[in-house]
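# Descriptive structure summary
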Amino acid sequence: MKFYSREKELSQLEIQFEQAEESSSMTVITGRRRIGKTYLSLKFVENKKFLYLFTSKKTEVLLCQEFVEIIKEKFDYP
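So, a few notes on the structure that sits alongside this text. Computed from a predicted model, the values in this text were never measured in an experiment.

Another point: unusual backbone geometry. Backbone geometry at Arg34 places phi at a positive 60 degrees, although glycine is not the residue there. Among the secondary structure elements, Arg34 is positioned in the loop between α1 (7–19) and α2 (37–44). A positive phi angle is found at Asp76, which is not glycine, with a value near 50 degrees. You can call Asp76 exposed: its relative accessible area is 68%.

Right, here's the structure in full:
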């Protein structure tokens, strides 16, 4: 997939990322379906340590179990 003309958005995300070192913050990316919100997010964190949790149509218990395993793996928890 090609990545076009998102320098402005990547720059804004970088500013938000740097500000998060000073204090807590949350950034919400919204938009119509299939315009590249997930791809933009993954492109931004490409060279950063990050945690990506995808919410699928599973029960809450199954999702939580899956997320715990992903978190353990990401943070090298035994």
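Below, the discussion takes up helix α3 (residues 60–74). Given 3.6 residues to a turn, an α-helix orients residues that are three or four positions apart in the same direction. Between its first and last C-alpha atoms α3 spans 21 Å; for 15 residues at 1.5 Å apiece the expected length is 21 Å, and the two agree. Asp76 occupies a position one or two residues after α3 and carries a positive phi of about 50 degrees.

Let's shift gears to the environment of Lys48. By the element assignment, Lys48 lies in the loop between α2 and α3. Looking at Lys48, the relative accessible area reads 22%, which means it is partly exposed. Once residues within four sequence positions are removed from consideration, Lys48 is found in contact with Glu14 and Phe17. Of the polar contacts made by the side chain of Lys48, one reaches the backbone oxygen of Phe44; its length is 3.5 Å.

Moving on, we come to the side chain of Arg6. Relative to the elements of secondary structure, Arg6 occurs in the segment before α1. There is no salt bridge for the buried Arg6, and the closest opposite charge comes from Glu9, which lies 4.4 Å off by N-O distance. Once residues within four sequence positions are removed from consideration, Arg6 is found in contact with Ile35, Gly36 and Leu40.

All chains considered together, the criterion is met by 3 salt bridges. In this structure, the salt-bridge partner of Lys58 is Glu66, at a minimum N-O distance of 2.4 Å.

Calculation notes
- Residues numbered from 1 in each chain as written.
- Predicted model: local features only at pLDDT ≥ 70, side-chain atom pairs only at ≥ 80, totals over all residues.
- Heavy atoms only, no water.
- Helix = DSSP H or I, 4+ residues; strand = E, 2+ residues; numbered from the N terminus.
- Buried < 20%, exposed > 50% of the residue type's maximum accessible area, 1.4 Å probe, protein only.
- Expected span 1.5 Å × (residues − 1).
- Contact = heavy atoms within 4.5 Å.
- Polar contact = N/O pair within 3.5 Å; in protein donor to acceptor, adjacent residues only side chain to side chain.
- Lys, Arg positive; Asp, Glu negative; His and termini not counted.
- Salt bridge = Lys/Arg side-chain N within 4 Å of Asp/Glu carboxyl O.

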